[in-house]
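A look at the structure
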Amino acid sequence: MRRSGRALYVSLMLAIALSLPTCVFSFDSDKTIANIWNKAMDKLERALMLLDEMKDLPDKKVLAKDKEDNIKKFNNIISDVLEIISSSEAKEIRDNIIKLRAKKEDKEKEIREYQQKRVVAPDEGGLFVTTRQEYDEKIQKLNNEIEEIKHNIEVQTDNLIEVLDSYGINVSYNEIQGLLNTVTGYDLAVMYGSFNNIKIITDKLVKLMEENQNDIEAQKKYYGIYALLLKTCVFMEAGFIDKVNSTYYPKLEDIYNQSKELLSNAQEQLNSSKNLSANQKKSLESNIQSLNTHLKVIQQYREYLKKQCKQVKELQMKFESAYDVAFNTYRTISVASDLLGMIKDSKKDLEILINLQVPEIIVFDNENLEREFKSISEQLL
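All figures in this text were calculated on a predicted structure; none of them were measured in a lab.

1. What to know about the side chain of T329
- Along the chain, T329 turns up in helix α10 (residues 278–332).
- Polar side-chain contacts of T329 include one of 2.8 Å to the backbone oxygen of V325.

See below:
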């Protein structure tokens, strides 16, 4: 469905590109990409320097620089780079939609409060008394504002579809709802944007290397940063998996246990009490049905996250392997033309990864399922 390889491939080349002179960008380059380039350049070159130092350092030494110290610094730099490359239009649009939804919910809550107050409001008021007609006017005003917000959400949703399409990621309106209503939707939007940011830079990088084929030092640096970006992708995927395992799974388990306890209590009340009215029994039966549905959705949600993690783990392993090969090449090859050839060959290999799927986005079969997922997602965040 999504092309994780392509997305990740996009990520692959940022580091190199970011280590290059700003002049590589032409007048039509996106300002966001240029900003990413400039911010990440120094960090990536520093990370490469740390790796170059590693081979001459002891594993661990008190009061002196060692490999353990270098690894910590390296990991921190790569984390910074991930933060830098995550800036994207897709992420911003998704954030805007989430904010609009929250604003809509606030106004709906305000309407409910006005409706409640209207019930006991007088027909005629005074200086500090609100009449029923005035509450009607307030409610109508809020309804108009909600309609405008709903229109803006639709516009932003269409914009998000167009932006993802420009990234080479073709999604339907229903898939966008999955991106908006699941807890990993934010992470996927960040990944898509990051991948695209790097993809834009890739062709410029190759062209620059072709123009500097006789400069072995420049070629080695570019290829070394290329290897680093492979490692950056590994970090990105590892972060996704860690967040699901350490945050989302435990919270989901808590929600499941709470719902199961409520179900048990409702069943016990229904079965043990002889003094329930027909309406009370009907209410309990409805609660039991809702809780059973909720538990099934939680299981679906768990399976959805599990499948995403499996896909991401597979990609992570492939990129870890690609990084090992690239960094070994960086260390061993000393001829500029060989390095350029290796990068071109690597691009061909990466096309295989491009055809792999990015973590899938769920498509909701009905509005009830969508509401349940949205509710669970809000509890997981």
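2. Observations regarding the pattern of salt bridges
- This structure, assessed with the given rule, holds 15 salt bridges.
- In this structure, D187 and K243 form a salt bridge, with 2.8 Å as the shortest nitrogen-oxygen distance. Taken together, the residues span a long stretch of sequence, with D187 in helix α8 (residues 185–211) and K243 in helix α9 (residues 216–272) at a distance of 56 residues.
- By relative accessible area, D187 is classed as buried at 10%.
- Between E378 and K374 there is a salt bridge, with the nearest N and O atoms lying 2.8 Å from each other.

3. Remarks on helix α4 (residues 67–85)
- An ideal rise of 1.5 Å per residue puts 27 Å on 19 residues; α4 measures up with 27 Å between its terminal C-alpha atoms.
- N70, F74, I77, I78, V81, L82, I84 and I85 are the residues of α4 that are buried. Projected down its long axis, α4 shows its buried positions confined to an angular sector of 155°, all on one face.

4. Things to note about the confidence of the model for the protein
- Counting all residues, the mean pLDDT for the protein is 80, and 82% of those residues have values of 70 or more.
- Per-element confidence in the protein ranges from a low mean pLDDT of 32 for helix α2 (residues 14–18) to a high of 93 for helix α6 (residues 132–166).
- For residues 1–29, every residue scores under 50 in pLDDT, and the model assigns this stretch 122 contacts once sequence neighbours within four places are set aside.

5. Structural notes on the packing of helix α5 (residues 89–118) against helix α7 (residues 173–181)
- Following both chains from N to C, one finds α5 and α7 inclined at 75°, their axes separated by 10 Å at the closest point. Here α7 runs roughly perpendicular to α5, going by the angle between their axes. Together, R94, I97, I98 and R101 of α5 and Q177, L179, L180 and N181 of α7 make up the contact between the two elements.

6. Some words on a negative patch on the surface
- Taken together, the side chains of E154, D158, E162 and D165 present a region of like negative charge at the surface.
- Mapping D165 onto the fold places it in helix α6.
- Judged by its relative accessible area of 43%, D165 falls in the partly exposed class.

About the criteria used
- Residues numbered from 1 in each chain as written.
- Predicted model: local features only at pLDDT ≥ 70, side-chain atom pairs only at ≥ 80, totals over all residues.
- Heavy atoms only, no water.
- Helix = DSSP H or I, 4+ residues; strand = E, 2+ residues; numbered from the N terminus.
- Polar contact = N/O pair within 3.5 Å; in protein donor to acceptor, adjacent residues only side chain to side chain.
- Salt bridge = Lys/Arg side-chain N within 4 Å of Asp/Glu carboxyl O.
- Buried < 20%, exposed > 50% of the residue type's maximum accessible area, 1.4 Å probe, protein only.
- Expected span 1.5 Å × (residues − 1).
- Arc of directions from axis to C-beta.
- pLDDT = per-residue confidence, 0-100.
- Contact = heavy atoms within 4.5 Å.
- Axes fitted to C-alpha atoms, helices over the stretch in contact; angles between N-to-C directions.
- Parallel < 35°, antiparallel > 145°, perpendicular 65-115°, else oblique.
- Patch = residues over 30% accessible without salt bridge, like charges linked within 9 Å, V, L, I, M, F, W, Y side chains within 5 Å.
- Areas by Shrake-Rupley, 256 points an atom, 1.4 Å probe, with all protein chains shown as cover.
- Lys, Arg positive; Asp, Glu negative; His and termini not counted.
- Charge placed at Lys NZ, Arg CZ, Asp CG, Glu CD.

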